[in-house]
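Observations on the model geometry
Take a look at the letters that make up each chain.
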Amino acid sequence: MIGLESEKEIHILPMEERHIVELARLEAVCFSSPWSEEGLRAELQSETAVFLVAEQEGRVLGYAGMHMVCGECYVDNIAVFPSCRGMGLGRRLTEALIQKGREENGSFITLEVRPSNEKAVGLYTSLGFRAAGRRKNFYTRPVEDALIMTLFF
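Read on for an overview of the structure. All figures in this text were calculated on a predicted structure; none of them were measured in a lab.

1. Some remarks on the packing of aromatic side chains
In the structure shown here, the tally under the stated rule is six aromatic pairs. With centroids separated by 5.7 Å and ring planes inclined at 45 degrees, the aromatic side chains of Trp 35 and Phe 51 adopt a geometry described as tilted. Linking Trp 35 in the loop between α1 (20-30) and α2 (37-43) with Phe 51 in strand β2 (residues 49-56), this pair joins segments that are 16 residues apart in sequence. Accessibility expressed as a relative area gives 23% for Trp 35, which makes it partly exposed. Taking the centre distance of 5.9 Å and the plane angle of 90 degrees together, the rings of Tyr 74 and Phe 108 count as edge-to-face. Of this pair, Tyr 74 sits in strand β4 (residues 72-80) while Phe 108 sits in strand β5 (residues 108-113); the two residues are 34 residues apart in sequence, bridging distant segments of the chain. Of the residues examined, Phe 108 reaches a relative accessible area of 15% and is grouped as buried.

2. Here we look at the side chain of Glu 55
Relative to the helices and strands, Glu 55 is located in strand β2. The exposure class of Glu 55 is buried, given its relative accessible area of 8%. A distance of 2.8 Å separates the side chain of Glu 55 from the side chain of Arg 18, its partner in a polar contact. Of note is the side chain of Glu 55, whose polar atom sits 2.7 Å from the side chain of His 19. The contact partners of Glu 55, leaving out residues within four places of it in the chain, are Glu 9, Ile 10, His 11, Leu 13, Arg 18, His 19 and Leu 61.

3. A closer look at the nonpolar core
Formed by 43 residues in total, the largest nonpolar core has its most connected members in Ile 109, Tyr 124 and Phe 129. Of all the secondary-structure elements, those providing two or more residues to this core are α1, β2, β3 (59-69), β4, α3 (89-103), β5, α4 (118-126) and β7 (144-152). Sequence-distant contacts of Tyr 124, that is, excluding residues within four places in its chain, are made with Ile 78, Thr 94, Leu 111, Val 113, Phe 129 and Met 149.

4. Brief notes about the layout of surface pockets
The volume enclosed by the largest pocket comes to roughly 1,100 Å³. In terms of lining residues, the largest pocket is bounded by 31 residues, among which Phe 31, Ile 78, Asn 117, Ala 120 and Tyr 124 are the most central. Those elements that provide at least two residues to the lining of the largest pocket are β4, α3, β5, α4 and β6 (130-139). Looking at the lining of the largest pocket element by element, the count peaks at six residues for β4. For the lining of the largest pocket, a count of residues per class yields 17 nonpolar, eight polar and six charged.

5. Digging into the side chain of Glu 27
Topologically, Glu 27 is positioned in helix α1. It is Arg 85 that comes nearest to the buried, bridge-free Glu 27 among opposite-charge side chains, at 10 Å. In contact with Glu 27, other than residues within four places in its own chain, are Pro 34, Trp 35, Tyr 63 and Asn 77.

Thresholds applied
Residues numbered from 1 in each chain as written. Predicted model: local features only at pLDDT ≥ 70, side-chain atom pairs only at ≥ 80, totals over all residues. Heavy atoms only, no water. Phe/Tyr/Trp six-rings, centres within 6.5 Å; stacked < 30°, edge-to-face > 60°. Helix = DSSP H or I, 4+ residues; strand = E, 2+ residues; numbered from the N terminus. Buried < 20%, exposed > 50% of the residue type's maximum accessible area, 1.4 Å probe, protein only. Polar contact = N/O pair within 3.5 Å; in protein donor to acceptor, adjacent residues only side chain to side chain. Contact = heavy atoms within 4.5 Å. Core = buried A, V, L, I, M, F, W, Y, C linked by side-chain atoms within 4.5 Å. 1 Å grid on protein atoms, 1.4 Å probe; cavity = no way out; pocket = protein on both sides within 12 Å on 5 of 7 lines; lining within 4 Å. Points joined across faces, edges and corners; volume = space filled by probe spheres on them. Nonpolar A, V, L, I, M, F, W, Y, C, P; charged D, E, K, R; others polar. Lys, Arg positive; Asp, Glu negative; His and termini not counted. Salt bridge = Lys/Arg side-chain N within 4 Å of Asp/Glu carboxyl O.

This is the structure we're talking about:
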């Protein structure tokens, strides 16, 4: 299992081809409907995609991705390997997406999260996101509404 070495520097950098296999593995660990290698790879060619990887000494620890269209930022996924959680990586990745949105003069950044994922909801709230609505039965395995959270810049 991938572990975090606290004395080593963690870098947040743009997703590259070399990350794809490990990110697909992370997706399978974290999500009931994971993105495939092909789906992730397609984002490397997308002009609207911003996908960032948390890496330590060449090892993938987590990642975050969003699309920016007409100043609107839509988060696709934020994921951290279970063995690397609790170290602030989710916060750093989310802050990096927020920063990118601001740099590009975005109007807002929005995402969906399972209401039962209390840690994620707490993180997003602490970063200034506010509940903006729900998507009924958005998630499967198990079925659950999505809480829509938005941060206006």
